[in-house]
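# Remarks on the overall topology
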Amino acid sequence: MLTIRNVSKTFGDTPVLHDISLEVAAGEIVCLLGPSGCGKTTLLRIVAGLEQAGAGQVLLEGRDLAGVPVHRRGFGFMFQDFALFPHRNVHDNVAFGLRMAGQSREALAGRVREMLALVGLAGLEARQVHELSGGQQQRVALARSLAPHPALLLLDEPLGSLDRTLREELMGELRRILRQTPAGSDEAAGITSIYVTHDQQEALAIADRVVIMNAGHIEQIGAPLALYRQPATPFVARFLGMENLLPGQLVDAAPDWLVATPLGLLRSTAGPAGATAGDSVLAVARPDAARLVDLAARDEENLVAGQLQEVSFRGSQVKITLSYADSQRLVFDLPGHAAGELPAPGQWLQIQLDPAGISLLAR
């Protein structure tokens, strides 16, 4: 539905986007994920028509959008600050775009009711915006952006101003709403959306595909589970919360990957395409790859012994930091119930790494 082709952008002498190409299918939710300053919001604004690309094209169903003003693109927008009209009630906020489009009173009222029911605010039409909670205001902003049947919905950090608890609550809800909003003639497709965030959990929970950006480049594109299981670069691994990157050398390649690392020989179920024995690689041990085993265990594979440095209990999880040779550190997330089995900081313990929790990157 949407094609971004070789888009570049420079502000003054500072390059912001470098030859970005991306396709978005009808009904797809695509998240642009990356740290502040990576270019994701600039790319969103170019798609919206709020910024002009220095080079490249943006096409909607094959039609070049160059020269098409913002108000004629038929896109919906939702921003971090919600941008609601404080002097209008919920109904009038949601109805704003419909009035601008000249809809009849009956059609307008019906669409407002439909959208408020979709976002879980049925019956609050007369409520003033300042009387709503942050989460309710976010839902009003979403209903307003969806009401005019946009061809494409653009969301820029829509949950960024909410606290962590409320963001967790609304992540799954937002995906459900986008999935249930019909677009065009395909009632089952859901609305095509581009979603900008710097929050990894948010992107993985909401997106069909995630585009990880770094310094104006695309590092990797893929489904959330595929990205998590097989990051393509050290940047992607670290940005997704994987701190355990170990240099190594392949001993055996596919289908049975074995790599020599500072921790000893580790077995993995995934490695880089085309790699052969003797190649240099990076072994990425995901934070959920570890389980506690007895210090006396010796004959099992992927055993790692280390000195417990830090313990951080987080309810359903407990984060541990181990040190091993040369004061290097490993960080893992164990199930919360394992907290009672841990020795005191400074003591030694042993873990076993699941081969499926280790991926290998080409160096």
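The sections below set out a description of the structure shown in this document.

The rules we used
- Residues numbered from 1 in each chain as written.
- Predicted model: local features only at pLDDT ≥ 70, side-chain atom pairs only at ≥ 80, totals over all residues.
- Heavy atoms only, no water.
- Buried < 20%, exposed > 50% of the residue type's maximum accessible area, 1.4 Å probe, protein only.
- Helix = DSSP H or I, 4+ residues; strand = E, 2+ residues; numbered from the N terminus.
- Pairing = 2+ DSSP bridges.
- Axes fitted to C-alpha atoms, helices over the stretch in contact; angles between N-to-C directions.
- Contact = heavy atoms within 4.5 Å.
- Expected span 1.5 Å × (residues − 1).
- Arc of directions from axis to C-beta.
- Polar contact = N/O pair within 3.5 Å; in protein donor to acceptor, adjacent residues only side chain to side chain.
- Core = buried A, V, L, I, M, F, W, Y, C linked by side-chain atoms within 4.5 Å.
- Parallel < 35°, antiparallel > 145°, perpendicular 65-115°, else oblique.
- Left-handed = near helix turned anticlockwise from the far one by under 90°.
- Nonpolar A, V, L, I, M, F, W, Y, C, P; charged D, E, K, R; others polar.
- Salt bridge = Lys/Arg side-chain N within 4 Å of Asp/Glu carboxyl O.

### Focus: the pairing of strand β14 (residues 280-285)
Of all the 6 residues making up β14, 5 are buried; the element is thus mostly covered by neighbouring parts of the structure. Pairing of strand β11 (residues 244-252) with β14 involves 6 bridges; the strand directions are antiparallel. Note that in β14 the partner of leucine 245 across the bridge is valine 284.

### Quick notes on the sheet that holds strand β9 (residues 209-214)
Sheet strands pair via backbone hydrogen bonds, and the direction of the pair is either parallel or antiparallel. Spatial strand order, β6-β7-β8-β3-β9-β10: 6 strands in an open sheet with mixed pairing. Here the strands that pair on one side only, and so sit at the sheet edges, are β6 (75-79) and β10 (217-222). Averaged over all neighbouring strand pairs, the angle between strand axes comes to 15 degrees, with direction disregarded. Pairing analysis gives 4 bridges linking strand β7 (residues 152-156) to strand β8 (residues 193-197), with the strands arranged parallel. By the bridge assignment for β8, aspartate 156 is matched with valine 196. With respect to the sheet, helix α4 (residues 134-146) is in contact with β6 and β7, its orientation differing from that of β6 by roughly 165 degrees. Relative to strand β3 (residues 29-33), helix α5 (residues 164-180) is tilted by about 140 degrees, and along the sheet it contacts β3, β7 and β8.

### What about unusual backbone geometry?
The general pattern is negative phi for most residues beyond glycine and trans for most peptide bonds. Here the bond from alanine 254 into proline 255 is cis, since omega is 5 degrees, no more than 30 degrees from zero. The residue proline 255 is located in the loop between β11 and β12 (257-261) in this model. Backbone geometry places glutamate 61, a non-glycine residue, at a positive phi of 50 degrees. By the secondary structure assignment, glutamate 61 is in the loop between β4 (55-60) and β5 (63-64). With phi around 55 degrees, histidine 149 is a residue other than glycine that occupies positive phi space. Position of histidine 149 among the secondary structure elements: in the loop between α4 and β7.

### Some remarks on helix α3 (residues 105-118)
The end-to-end C-alpha distance of α3 is 20 Å, a good match for the 20 Å that 14 residues give at a rise of 1.5 Å each. Residues Leu108, Arg111, Val112, Met115, Leu116 and Leu118 constitute the buried set of α3. Along the axis of α3, the buried residues cluster in a sector spanning 155 degrees; they form a single face. Those residues of α3 that are exposed and angled more than 90 degrees off the buried face are Glu106 and Arg113. In the core, the buried residues of α3 are packed alongside α2 (90-100), α4 and α5.

### Concerning the environment of serine 145
As for its placement among the helices and strands, serine 145 is situated in helix α4. Here serine 145 falls in the buried class, since its relative accessible area comes to 6%. Along the chain, serine 145 and glycine 76 lie 69 residues apart, while their C-alpha atoms are 5.0 Å from each other. Filtering out sequence-adjacent residues up to four positions away, serine 145 remains in contact with Gly76, Phe77, Met78, Pro150 and Leu153. At 2.8 Å, the side chain of serine 145 and the backbone oxygen of leucine 142 are in polar contact.

### Focus: the nonpolar core
With 52 residues, the main nonpolar core has Val94, Leu116, Leu142 and Leu146 as its most contacted residues. For this core, the element with the highest residue contribution is α5, accounting for 6 residues. In contact with leucine 142, not counting residues within four places along its chain, are Met78, Val119, Leu153, Leu155, Leu174, Ile177 and Leu178.

### Brief notes about the packing of α2 against α3
Here α2 crosses α3 at 120 degrees, and the two axes come no closer than 9 Å. Accordingly, the angle class assigned to the pair α2 and α3 is oblique. The handedness of the crossing between α2 and α3 is right-handed. Along its contact with α2, which presents Val90, His91, Val94, Ala95, Leu98 and Arg99, the element α3 presents Leu108, Ala109, Arg111, Val112, Met115 and Leu116. Across the contact of α2 with α3, the residue classes tally to 9 nonpolar, 1 polar and 2 charged.

### Points about the pattern of salt bridges
Going through the model one piece at a time under the given rule, you end up with 19 salt bridges. Glutamate 51 serves as the salt-bridge partner of arginine 45, at 3.5 Å between the closest nitrogen and oxygen. The class for arginine 45 is partly exposed, based on a relative accessible area of 32%. Residue classification places glutamate 51 among the partly exposed positions, given a relative accessible area of 22%. In this structure, glutamate 300 and arginine 291 form a salt bridge, with 3.7 Å as the shortest nitrogen-oxygen distance. Its relative accessible area of 40% is what places glutamate 300 among the partly exposed residues. Judged by relative accessible area, which is 45%, arginine 291 ranks as partly exposed.

### Brief notes about the sheet that holds strand β18 (residues 329-335)
One open sheet holds the 5 strands; their spatial order is β15-β19-β16-β17-β18, and the pairing between them is antiparallel. Edge strands, defined here as strands with exactly one partner in the open sheet, are β15 (290-293) and β18. Strand-to-strand twist of the sheet, defined as the mean angle between neighbouring strand axes without regard to direction, takes the value 50 degrees. Of the strand pairs in this sheet, β15 and strand β19 (residues 348-353) are connected by 4 bridges, and their pairing is antiparallel. When the bridges of β19 are listed, valine 293 appears paired with glutamine 350.

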